[in-house]
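Close look at the chain arrangement
Listed below are the residues making up each chain.
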Amino acid sequence: MLANWPLLSLLVWLPMLSGVLVLLLAGRSSQMARWLSLIASLAIFLLSLPLAFGFDATQSAMQFVERYPWVPSFHVEYFLGVDGISMPLVLLTTFTTVLVVLAGWDVIEEKTAQYMAAFLIMEGMMIGTFAALDAIQFYFFFEGMLIPMYLVIGIWGGPRRVYATLKFFLYTFFGSVFMLIALIYMYFQADSFSILDFHKLPLNMTEQIFIFLAFLIAFAVKIPMWPVHTWLPDAHVEAPTGGSVILAAIMLKMGGYGLIRFSLPITPDASHVLDAFMIFLSLVAIVYIGFVALVQSDMKKLVAYSSISHMGFVTLGMFVVFMIMANPVGEGGAALALEGAMIQMVSHGFISAAMFLAIGVMYDRLHSREISAYGGVVNSMPIFAGFVVLFAMANVGLPGTSGFVGEFMVILASYKANFWIALTAALTLIIGAAYTLWMVKRVIFGEARHAEVSSMPDLNAREMIIMFSLAFFVILLGVWPDPLANVMHATIDNLVQHIAQSKL
Amino acid sequence: METIYLWIALAPLIGSIIAGLFGRQIGRVGAQSATITGVAISFVLALYAFKVHVLDGGEVFNGTVYTWLASDLFTFNIGFLIDNLTAVMMVIVTSVSLMVHIYTIGYMAHDEELWPETSRARAGGYQRFFSYISLFTFSMLMLVMSNNFLQLFFGWEAVGLVSYLLIGFYMNRESAIYANLKAFIVNRVGDFGFLLGIAAILVYTGSMDYHEVFKQASQLAGIQVELIPGIEWSLISVICILLFIGAMGKSAQIPLHVWLPDSMEGPTPISALIHAATMVTAGIFMVARMSPMYELSEAALSFIMLIGAITAFSMGLLGIVANDIKRVVAFSTLSQLGYMTVALGASAYSAAIFHLMTHAFFKALLFLAAGSVIIAMHHEQDIRKMGGLRKFMPITFWTSMIGALALIGFPGFSGFFSKDAIIESVHASSLPGADFAYWLVLLGVFVTAFYTFRMIFLVFFGKERMDKHTREHLHESPWVVTVPLVLLSIPAVMIGWVAIEPMLFGDLFKDIIVVKPSHDVLAQVGSHFHGAWSFVLHGLMSPAVWLAAAGVLLAWLTTMQFPVVAQQAEQRFSWLSRLLKNGFGFDAFNTIVFEKGSLGLGRGLWKWSDLKLIDGFMVNGTAQSVGRLADVSRLMQTGFMYHYAFVMIFSVLAIMTWVLFF
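None of these values were measured; they are calculated from a predicted model.

1. Here we look at the overall build of chain A
- Per the secondary structure count, chain A includes 24 helices and two strands.
- By the compact-globule yardstick of 23 Å for 504 residues, chain A fits well, its C-alpha radius of gyration being 22 Å.
- Its C-alpha atoms give chain A principal-axis dimensions of roughly 70 × 55 × 45 Å.
- Among the 504 residues that make up chain A, the fraction classed as buried is 69%.
- Across chain A, contacts joining residues at least 24 apart in sequence account for 82% of those joining residues at least 6 apart.
- Taking the average location of the 21 positive side-chain charges in chain A and that of its 29 negative ones, the two points are 9 Å from each other.

2. Observations concerning the packing of aromatic side chains
- One pass over the structure, following the stated rule, counts 64 aromatic pairs over all chains.
- With centroids separated by 6.2 Å and ring planes inclined at 80°, the aromatic side chains of Phe589(B) and Phe594(B) adopt a geometry described as edge-to-face.
- Cluster of aromatic residues (ring-pair linked, three or more members): Phe404(A), Phe408(A), Trp68(B), Phe76(B), Phe153(B), Phe154(B), Trp156(B) and Phe194(B).
- Across from the ring centre of Tyr126(B), 4.3 Å away, lies the NZ or CZ of Arg28(B), which sits over that ring.
- The ring of Tyr339(B) is capped by Lys419(B), whose NZ or CZ atom sits 5.1 Å from the centre of that ring.

3. Topic: the nonpolar core
- The biggest cluster of nonpolar side chains holds 454 residues, and the ones touching the most others in it are Phe384(A), Phe76(B), Phe149(B), Met293(B) and Tyr294(B).
- At 22 residues, helix α16 (residues 334-366) of chain A tops the list of elements feeding residues into this core.
- Not counting residues up to four positions away in its chain, the partners in contact with Phe76(B) are Leu336(A), Phe408(A), Leu412(A), Thr67(B), Trp68(B), Leu69(B), Leu150(B), Leu202(B) and Met208(B).

4. Description of the packing of α16(A) against helix α24 (residues 482-500) of chain A
Residues and elements named next belong to chain A.
- The interhelical angle for the contact between α16 and α24, taken along N-to-C directions, is 130°, at an axis separation of 9 Å. By the angle class used here, α16 and α24 are oblique. For the element pair α16 and α24, the recorded crossing hand is right-handed. Residue-level inspection shows Ala 334, Ala 335, Leu 338, Glu 339, Met 342, Ile 343 and Val 346 of α16 in contact with α24, the latter providing Leu 484, Ala 485, Met 488, His 489, Ile 492, Asp 493, Leu 495 and Val 496.
- Tallied by class, residues from the contact of α16 with α24 come to 12 nonpolar, one polar and two charged.

5. Considerations on the packing of helix α10 (residues 268-277) of chain B against helix α15 (residues 349-376) of chain B
All names here are of chain B.
- The contact between α10 and α15 brings their axes to 8 Å, and the two run at 160°. Our classification of the angle between α10 and α15 gives roughly antiparallel. Once α10 is placed against α15, the crossing between them reads as right-handed. Listed contacts from α15 to Thr 268, Pro 269, Ser 271, Ala 272, His 275, Ala 276 and Ala 277 of α10 are His 359, Ala 360, Lys 363, Ala 364, Phe 367, Leu 368, Gly 371 and Ile 374.
- Along the lines of polarity and charge, the residues of the contact of α10 with α15 split into nine nonpolar, five polar and one charged.

6. Some points on the interface of chain B and chain A
- Of the residues lining the interface, 58 residues belong to chain B; the matching set on chain A comes to 71 residues.
- Taken over both partners, the interface formed by chain B and chain A buries close to 5700 Å², and the fraction arising from carbon and sulfur atoms is 72%.
- Inspection of the region where chain B meets chain A yields one salt bridge.
- The partner of Lys441(A) in a salt bridge is Glu174(B), with the nearest N and O atoms 2.9 Å apart.
- Here chain B and chain A share 26 residue pairs in polar contact (both at pLDDT 80 or more) between them.
- Mapped by element, the contributors of at least two residues to the side of chain B that touches chain A are β1 (61-71), β2 (74-82), α5 (149-167), α6 (174-205), β3 (224-228) and α27 (586-636) of chain B.

7. Let's talk about the pattern of salt bridges
- Within this structure, the stated rule accounts for 22 salt bridges over all chains.
- In this structure, the salt-bridge partner of Asp234(A) is Lys167(A), at a minimum N-O distance of 2.7 Å. You can see Asp234(A) sitting in helix α10 (residues 231-238) and its partner Lys167(A) sitting in helix α7 (residues 161-190), a full 67 residues away along the chain. Assigned by exposure class, Asp234(A) and Lys167(A) land together as buried.
- The partner of Asp56(B) in a salt bridge is Lys51(B), with the nearest N and O atoms 2.8 Å apart.
- Classification of Asp56(B) as partly exposed rests on a relative accessible area of 48%.
- With a relative accessible area of 40%, Lys51(B) lands in the partly exposed category.
- Salt bridges linked by common partners bring Asp106(A), Arg365(A), Arg462(A) and Glu463(A) together as one network.

8. Focus: a nonpolar patch on the surface
All names here are of chain B.
- Together, Trp 7, Leu 10, Ile 14, Ile 17, Ile 18, Leu 21, Phe 22 and Ile 26 make up an exposed nonpolar region whose accessible area comes to about 690 Å².
- Broken down by element, the residue count for the nonpolar patch peaks at six residues, all from helix α1 (residues 2-21).
- With respect to the helices and strands, Ile 26 occurs in helix α2 (residues 23-55).

9. What to know about the pairing of β1(B)
Residues and elements named next belong to chain B.
- Alignment of β1 against β2, held across nine bridges, turns out to be antiparallel. The residue bridging Thr 67 from the neighbouring strand is Asn 77, located in β2.
- Between β1 and β2, which follow one another and run antiparallel, lie two residues, and Asp 72 among them has a positive phi close to 60°.

10. A short note on helix α19 (residues 434-460) of chain B
- When the terminal C-alpha atoms of α19(B) are compared, their 38 Å separation across 27 residues agrees well with the 39 Å that a helix rising 1.5 Å per residue should span.
- Where burial is concerned, most of α19(B) is hidden: 22 out of the 27 residues are buried.

11. Observations regarding helix α11 (residues 241-266) of chain A
Residues and elements named next belong to chain A.
- Its 26 residues place the ends of α11 36 Å apart at the C-alpha level, agreeing with the 38 Å of an ideal helix rising 1.5 Å per residue.
- The principal kink in α11, of about 40°, is found at Leu 247.
- Within α11, 26 of the 26 residues are buried, which leaves it mostly tucked inside the rest of the structure.

12. Concerning the pairing of strand β2 (residues 76-82) of chain A
Residues and elements named next belong to chain A.
- Counting buried positions along β2 yields seven of seven residues, so the element is predominantly enclosed.
- Residues Val 76, Tyr 78, Leu 80 and Val 82 line one face of β2 and the alternating positions Glu 77, Phe 79 and Gly 81 line the opposite face, and both faces are buried.
- Two elements, strand β1 (residues 63-71) and β2, share six bridges in a ladder whose sense is antiparallel. In the strand pairing of β2, Gln 63 is matched with Val 82.
- Counted along the chain from β1 to the antiparallel partner β2, the turn is four residues long, and its residue His 75 has a positive phi close to 55°.

13. Description of the environment of Met393(A)
- Structurally, Met393(A) is set in helix α18 (residues 382-396).
- Expressed as a C-alpha distance, the spacing of Met393(A) and Leu283(A), which sit 110 residues apart in the sequence, is 22 Å.
- Sequence-distant contacts of Met393(A), defined by excluding residues within four places in its chain, comprise Leu398(A), Thr401(A), Leu437(A), Leu161(B), Tyr164(B) and Phe184(B).

14. What about unusual backbone geometry?
- Following Trp226(A), the chain continues into Pro227(A) via a peptide bond in cis, with omega recorded as 5°.
- When you line up the elements, Pro227(A) lands in the loop between α9 (205-222) and α10.
- For the bond from Ile254(B) to Pro255(B), the omega torsion is 0°, close enough to zero to count as cis.
- At Ser347(B), a position not held by glycine, the phi torsion is positive, near 70°.
- Here Ser347(B) is to be found in the loop between α14 (325-345) and α15.

About the criteria used
Residues numbered from 1 in each chain as written. Chains lettered and ligands numbered in written order. Predicted model: local features only at pLDDT ≥ 70, side-chain atom pairs only at ≥ 80, totals over all residues. Heavy atoms only, no water. Helix = DSSP H or I, 4+ residues; strand = E, 2+ residues; numbered from the N terminus. Rg over C-alpha atoms; globule rule 2.2 N^0.38 Å. Buried < 20%, exposed > 50% of the residue type's maximum accessible area, 1.4 Å probe, protein only. Contact = heavy atoms within 4.5 Å. Lys, Arg positive; Asp, Glu negative; His and termini not counted. Charge placed at Lys NZ, Arg CZ, Asp CG, Glu CD. Phe/Tyr/Trp six-rings, centres within 6.5 Å; stacked < 30°, edge-to-face > 60°. Lys NZ or Arg CZ within 6 Å of the ring centre and 35° of its normal. Core = buried A, V, L, I, M, F, W, Y, C linked by side-chain atoms within 4.5 Å. Axes fitted to C-alpha atoms, helices over the stretch in contact; angles between N-to-C directions. Parallel < 35°, antiparallel > 145°, perpendicular 65-115°, else oblique. Left-handed = near helix turned anticlockwise from the far one by under 90°. Nonpolar A, V, L, I, M, F, W, Y, C, P; charged D, E, K, R; others polar. Buried area = accessible area lost by both parts, 1.4 Å probe. Salt bridge = Lys/Arg side-chain N within 4 Å of Asp/Glu carboxyl O. Polar contact = N/O pair within 3.5 Å; in protein donor to acceptor, adjacent residues only side chain to side chain. Patch = residues over 30% accessible without salt bridge, like charges linked within 9 Å, V, L, I, M, F, W, Y side chains within 5 Å. Areas by Shrake-Rupley, 256 points an atom, 1.4 Å probe, with all protein chains shown as cover. Pairing = 2+ DSSP bridges. Expected span 1.5 Å × (residues − 1). Bend = angle between axes of the 7 residues up to and from the residue.

Here's what the structure looks like:
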């Protein structure tokens, strides 16, 4: 029955519609806004499940496709579909939105309806970004989601929110302008805005380099890659918990998704030529940012930097493939790297969400993000402390948690490209452990030195549900990542074959 | 059989989950029953597996449990390899673990006294502890039962996690949470090498499965790699050394040993289980398991032998100046791990495993006995404040004596057999560095005997130096404590007699531990072997026994007869004593170079590069330039009509000039 439904359209428009409904119906009553949003986000999450169960993992073609003309004079289409790369990210989005609604439950007391509506509208935009196969549609959603996020940080954010929102907006907007130019250029070449047509579009090296760089500026800002990362810590610090969660868990993935959906297949030769540059930037992110994370005194900043460092594995996995394919020793490795990058994205979605939610739990009680304001939290919140240690270990990449899988795959694969790349990337084992666990030591362990810390109540039922559901996925993905990887095989294999072939 | 293997691993895990998640509901008794039942099931089944494989010569089991991940051309499985080596390890792990579980009931009975009263973490401490040690048992079993490198790494890191949790068990103590962070990070340095070694294996063999990799090992030996342009290395040496770096972290070899002395912050039962008997020997087990690979690299073997010998001797020296009862035992553990490592380097893998086994029993015994002393002393751990405990705690005393005699290699005790075999093997080895290693391990025997009996004399003999209150309350520990001590003393005495022949000279590890004929030092030692009795008699003539006797004698003289001499010696050689008390300065070096260095680097990158260069100059700089440009261009928008008219006319003139004349 569900197979005939326009599932993707529903997943894109239903959240936006519910957002508008929440605004209209529950503008006055916070309680109603909460319940409405929770019901809507849960329904959307349930509705996204058939994507996973109905997904045919054996084929690499787009599935659940919906395609209609939209602006025929410019060949703009309404074109939605998912493959093994985007489907898991759609599910990640619907899942995370439920958590965000729950996380803002008692915390957001003013303008609750607007807050919830912003996240629901954002959810629709984000799903749209992952599911869009028409470039204009993609651009529309990609840019559109900035607005609700801008509002979330600007209205419910911290004291320096104006600076942060401006930086966030200008940075990301600046990036995507170049992408628009590239898209329009390709439209004139292909006479179509279909991303799939772009994949097949023959382009010479000069064109590829320019297009690659245009995309890179847009996506590198989103991921964010060093050195265009400085907006992220500021945005995180000022954003409310829900904003941080969406930012870290989903929005950063837009960048990685863009690289794998646009840059690699459309400009394979440019990606190949510039791969050393990209690997260099990724390794800088992993090591340099790790050291920077070490000295942060603000928990949110620390986790923000840790996010950048972890996203380094995503870009590393994506661009190390060319060197892997060039290496005559043994077979395979390219798909391992790409799947590793994808799994790292999904896993980072869970872990970063968990870390920010955990910080939010403490912030709600003490209204401070400073590490030095805490210490000995375990004495008052033992259950919470247990969850934090688990998520910290996942952040450290401990085997058995999701954080291990992607990093492990990328490090293994990059050894095939070059020993020193693998060695540099593997430094995260040490640095990541140092900054994460040192924070845990200073925040969670130790004696409760501040009286306020001793009186913090442990997790309530709502927070327990959030933490538990994240813990469930973090462990499940760590103990048995095969089902997730299985979804991607066909798509990734197809991609590897595609980029192995020069367009020149 | 597969179901049985699965239960060996899973039973402790289930116990751990029950105690961990429902500890508050089921209470202390519930938690201890659940976990002890789990471990007991595991122990009984491990004995059965031992019978099937070792005694009845059952076939090797090598099978997959489930596919963890299949990606690209690679498959990563979770699976078991059960052969004689695994069977022996399983029995060691589960038996020591069971003893420690039972002992814990007594040791942790008054756990809540060690927590601040206001702490809400205080209530579930007892259950949490049981949950952790059962989780450890599961992880350790997964490690030894693995048939592939992925699961090995899983177990490797999982035991590290539990070690982290247990060292920092008393989360309120600054020293404990410093020690557990240190332990985790130092171990991560080792794991860093280990992971790269695994990556190399996957890249060159395409497999994670032990047997598949071993099959291709000889091809790996033929490959030369240039990691630094211009310098060629044999690939197998690179892999072996990378893997061994992992072992150096976990088995605490110099210079990655620094975490182990500090790990004594954890409660004593886990010092016995994790930091003496099982986890720290994971590195030894790993190298022995990988013998088909290590045999192909003499460079790696020599490296291992040297690291081991230096650790064995120098860490023993540190034991001499330690005054904390647990730290003395910890240094002796470091030193004994060095002995095992030396044996690995000399290709006497079986001797290393043999010493691993005897050490597991006698060192667990010594630690648990030390714990018994600590309870009696109301958590006073300074041996200078003890003395004369012999009369108050006879069972603890006699079992400690057994442990100590086994440790120093007193003829007939289990440690004698294994240590003597190692020394003889190193003597017979012809690898580069073997002579040097031989002298170090030989001198190490003297040192071992000296510090061990210095501790025994100070704790159990002589005057009672504790305060009056403690002395009045001195008494033997409850049966849950003493029974494990007695049970552990049995193998500490006996196991050498029984096991030496099959393990070292028989075919217990045939086809599992592979030794090249030219490296086969144990065969040379074995050519003089005519049964355990003659081995003991032969041992009486060897220098090692006399060195041990001299060590005990010196300990007696300096602690019992002429303590003044010891004090004077310490004053005379104060520089030496300082050097030893500071552990050769490793900690200071790490603090200055790595800890401060990393923080300085991070601060520098953040302040200068991120904030000043990127944010200050590039980002805000651009914004400011735009602003300045706007300031300038704003000047043009004056709003006066005659300004605009003037610009228009002037422009028209300029354009006309351009068009007409150029």
